[in-house]
Amino acid sequence: MNWGYITAFWTTVVMNCVQPVNWQTCLPVQDWLSPAIGDYIRFKTEEPYASEKRALRPLQVDDY
């Protein structure tokens, strides 16, 4: 696992969820952690923006 991901997770999620004002949002861990892990796995197996590139490929103009 890349240290950049761990650092970003720590500064974004952990440090914000420590604050009592954010507890209501952070508390249902099952609502945000499972999708986040799925996104991480998908991003590790696929090039960034690959699905967006596939969606735009049929609209590409070959003149340029």
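Thresholds applied
Along each chain, the written sequence defines residue order, and numbers are assigned to residues from 1. With the structure being a predicted model, the display of local features is reserved for residues of pLDDT at least 70 and the display and counting of side-chain atom pairs for 80 or more, all residues being used for whole-chain, interface and lining totals. Excluding hydrogens and water, the side-chain values take into account all heavy atoms of the structure. Under the DSSP-based scheme used, a helix requires at least four consecutive residues in state H or I and a strand at least two consecutive residues in state E, with every element numbered from the N terminus. C-alpha atoms define the radius of gyration, and 2.2 Å times the number of residues to the power 0.38 defines the globule rule. Each residue gets one of three labels from its accessible area relative to the maximum for its type: buried under 20%, exposed over 50%, partly exposed in between, using a 1.4 Å probe on protein chains only. In short, Shrake-Rupley with a 1.4 Å probe defines the accessible areas, and a residue's cover is counted only from the protein chains shown. Think of it this way: Lys and Arg go in the positive column, Asp and Glu in the negative one, and His and the chain ends go nowhere. A charged residue contributes its charge at one atom only: NZ of Lys, CZ of Arg, CG of Asp or CD of Glu. The criterion for a disulfide is a pair of cysteine sulfur atoms lying within 2.5 Å.

A.B. asks: Help me out: how do you make sense of the overall build of the protein chain in this one?
C.D. replies: The secondary structure content of the protein chain amounts to 4 helices and 0 strands. Starting at the N terminus and ending at the C terminus, the protein chain contains elements arranged as α-α-α-α. For 64 residues, the compact-globule formula gives about 11 Å, and the C-alpha radius of gyration of the protein chain, at 17 Å, lies well above that figure. The principal-axis extent of the C-alpha atoms belonging to the protein chain is close to 55 × 25 × 20 Å. Looking at the 64 residues of the protein chain, the share that counts as buried comes to 5%. Counting every atom, the protein chain has about 5900 Å² of accessible surface; 63% of that belongs to carbon and sulfur. If you average the places of the 5 positive and of the 7 negative side-chain charges in the protein chain, the two averages end up 6 Å apart.

A.B. asks: Can you help me understand the state of the cysteines in this one?
C.D. replies: Disulfide: a covalent bond connecting the sulfur atoms of a pair of cysteines. Summed over all chains, the structure comprises 1 disulfide. Paired through a disulfide, Cys17 and Cys26 show a sulfur-sulfur distance of 2.0 Å. Negative torsions about the S-S bond denote left-handed disulfides, and the value of about -80° found for Cys17 with Cys26 makes this one left-handed. The class of Cys17 is buried, set by a relative accessible area of 18%. Cys26 gets classed as buried once you look at its relative accessible area, which sits at 15%.

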